[in-house]
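# Structural overview
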Amino acid sequence: MIQSMQLGPIAPSQAIAGAKPVKDATPAELTQSFGQYLQTALESVSNQEKQVHALNDQFLAGKVDVTQVLIASEQAQLGLQLTSQVRNKVVEAYQEMMRMQL
């Protein structure tokens, strides 16, 4: 039930299929790419939560061991905490940029 994730360095232009290289991309395209990245991350967190609910239902039916439910629950919790912290940092950076005087 635990899914392994291969994390490694990737070039920003390869992060989203069909994206232009960063040096050739316009600011609007970069914003769209970042938006797609965030959308994918949020969908992943949502899928983790749905998986926990499904495992919980299976546990109540006696089909799944409690350790699987606990592991999936912790993974979902950590994913939600990470998402929350990233959101806080993005909001903080935005507020800092709005305070800048040109």
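Here's what I pulled together on the structure shown here. (Residues numbered from 1 in each chain as written. Predicted model: local features only at pLDDT ≥ 70, side-chain atom pairs only at ≥ 80, totals over all residues. Heavy atoms only, no water.)

## Some points on the overall build of the chain
What the chain contains, in helices and strands, is two helices and zero strands. With 102 residues in all, the chain has 10% of them scored as buried. Across the chain, contacts joining residues at least 24 apart in sequence account for 39% of those joining residues at least 6 apart. Here the chain has roughly 8,700 Å² of accessible surface; of this, 59% comes from carbon and sulfur atoms. (Helix = DSSP H or I, 4+ residues; strand = E, 2+ residues; numbered from the N terminus. Buried < 20%, exposed > 50% of the residue type's maximum accessible area, 1.4 Å probe, protein only. Contact = heavy atoms within 4.5 Å. Areas by Shrake-Rupley, 256 points an atom, 1.4 Å probe, with all protein chains shown as cover.)

## Focus on the nonpolar core
Core analysis: the biggest nonpolar cluster contains six residues, these being V52, L55, V64, V69, A72 and A76. Among the elements of the structure, α1 (27–60) and α2 (66–99) are those that each provide at least two residues to this core. Filtering out sequence-adjacent residues up to four positions away, A76 remains in contact with Q48, E49 and V52. (Core = buried A, V, L, I, M, F, W, Y, C linked by side-chain atoms within 4.5 Å.)

## Quick notes on α1
Each α-helix winds once per 3.6 residues, and so residues spaced three or four apart point in a common direction. With 34 residues, α1 should reach 50 Å at 1.5 Å per residue; the first-to-last C-alpha distance of 50 Å fits that figure. Taken together, the buried positions of α1 are occupied by V45, V52 and L55. Along its buried surface, α1 packs onto α2. Phi turns positive, to about 85°, at G62, one or two residues after α1. (Expected span 1.5 Å × (residues − 1).)

Such coordinate-based values are descriptive only and should not be taken to indicate function.
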